[in-house]
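Residues per chain are reported as follows:
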Amino acid sequence: MTIWVDADSCPAGARTIILNASQRLSLPVKFVANRNIPFDFESELFEMIVLPVSENAADNYIVEHSVTGDLVVTRDIPFAERLVQKNVCALSDRGIIFTRDNIRDLLAERELSLQMHSLGVATGGKIGGFGNKEKHAFAAALDKVFYSYKISPTT
């Protein structure tokens, strides 16, 4: 398994959780963005892939290079749908595991929120900070993904 990170919008707290899990489980991590993202520490397991600035460059790169059995961390729901269709596991930094069962509903909620916003209706859709609640939800979902793939420090 390779962990791919849509790094442009991934909070520092989630990046730290990913880096620690990578070290603990000896899993490679590829951060993909249109700018360099600093790591809290260095490891041969981490790679930063910086792409030219263009729409969906990171998404397209990850879709092209990820394979079944990989994990992608993103908060981009349309991008997550592309991954789910490719049978690649996708996880949001808020702890949502995107699946064939929930992706349509999540896309519909997103579309409704965008329509309401365009009409000037506040939907509360802005994502807030990445505090302890969000860190715990993300770490628990990450562990759940690892467990489903039977990945542990002894694997």
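Source: prediction; values computed, not measured.

Enquirer: Even after reading the chapter, I still don't get the nonpolar core, so can you show me in this structure?
Expert: Nonpolar side chains tend toward joint burial in soluble globular proteins. In this structure, Ile3, Phe138 and Phe146 are the most contacted members of the largest nonpolar core, which totals 30 residues. Of all the secondary structure elements, the ones that give two or more residues to this core are strand S1 (3-6), helix H1 (12-25), strand S2 (29-33), strand S3 (46-50), strand S4 (71-73), strand S5 (89-91) and helix H5 (132-148). Filtering out sequence-adjacent residues up to four positions away, Phe146 remains in contact with Met1, Ile3, Ala21, Arg24, Leu25, Leu27, Leu71 and Ile151. In this structure, Val63, Val84, Ala90 and Ile103 belong to the second largest nonpolar core, which totals 20 residues.

Enquirer: Is there a simple way to think about the sheet that holds strand S6 (residues 97-98) in this case?
Expert: Strand pairing within a sheet occurs via backbone hydrogen bonds; the two strands may be parallel or antiparallel. Strand order in the open sheet formed by six strands is S3-S2-S1-S4-S5-S6, and the pairing between neighbours is mixed. If you trace the sheet from one side to the other, it starts and ends with S3 and S6, each paired once. Bridge count between S4 and S5: three bridges; the pairing is parallel. By the bridge assignment for S5, Leu71 is matched with Cys89. Each of S1, S2, S3 and S4 is contacted by helix H2 (residues 57-65), which is oriented at about 165° to S1, the strand it contacts most.

Enquirer: I keep staring at unusual backbone geometry and nothing clicks. Help me out?
Expert: With glycine set apart, most residues show a phi of negative sign, and most peptide bonds adopt trans. Positive phi, normally seen in glycine, also occurs at Ser26, with a value near 55°. On the secondary structure map, Ser26 appears in the loop between H1 and S2. For Ser26, a relative accessible area of 53% corresponds to the exposed category.

Enquirer: Sorry if this is basic, but what is going on with the pattern of salt bridges here?
Expert: When charged atoms on two side chains of opposite charge get close, those side chains can pair. Throughout the structure, instances matching the rule amount to five salt bridges. Of the charged contacts, one joins Lys30 and Glu47 as a salt bridge, the two residues approaching to 2.9 Å between their closest N and O atoms. With Lys30 in strand S2 and Glu47 in strand S3, this pair connects stretches of sequence that are 17 residues apart. Between Arg104 and Glu81 there is a salt bridge; the shortest N-O distance is 2.4 Å. Note that Arg104 is positioned in helix H4 (residues 103-118) and Glu81 in helix H3 (residues 77-85), a separation of 23 residues in sequence. Judged by its relative accessible area of 18%, Glu81 falls in the buried class. One salt-bridge network, in which partners are shared between bridges, spans Arg75, Asp93 and Arg94.

Enquirer: How do you make sense of H1 when you look at a structure like this?
Expert: Because the α-helix completes a turn every 3.6 residues, residues three or four places apart line up on one side. Compared with the 20 Å implied by 1.5 Å per residue over 14 residues, the 20 Å span of H1 between its first and last C-alpha is a close match. By the burial criterion, the buried members of H1 are Gly13, Ala14, Arg15, Ile17, Ile18, Leu19, Ala21, Ser22 and Leu25. Against S1, S2, S3, S4 and H5 lie the buried residues of H1. Remark: Ser26 follows H1 within two positions and exhibits a positive phi of approximately 55°.

Enquirer: Sorry, what's going on with the side chain of Ser43 here?
Expert: Inspection of the secondary structure puts Ser43 in the loop between S2 and S3. Accessibility expressed as a relative area gives 12% for Ser43, which makes it buried. Among the polar contacts listed, one links the side chain of Ser43 to the side chain of Gln23, at a separation of 2.6 Å. Looking at Ser43, its side chain comes within polar contact range of the main-chain nitrogen of Leu45, at 3.1 Å.

Cut-off values and rules
- Residues numbered from 1 in each chain as written.
- Predicted model: local features only at pLDDT ≥ 70, side-chain atom pairs only at ≥ 80, totals over all residues.
- Heavy atoms only, no water.
- Core = buried A, V, L, I, M, F, W, Y, C linked by side-chain atoms within 4.5 Å.
- Buried < 20%, exposed > 50% of the residue type's maximum accessible area, 1.4 Å probe, protein only.
- Helix = DSSP H or I, 4+ residues; strand = E, 2+ residues; numbered from the N terminus.
- Contact = heavy atoms within 4.5 Å.
- Pairing = 2+ DSSP bridges.
- Axes fitted to C-alpha atoms, helices over the stretch in contact; angles between N-to-C directions.
- Salt bridge = Lys/Arg side-chain N within 4 Å of Asp/Glu carboxyl O.
- Expected span 1.5 Å × (residues − 1).
- Polar contact = N/O pair within 3.5 Å; in protein donor to acceptor, adjacent residues only side chain to side chain.

In short, shape yes, function no, at least from these values alone.
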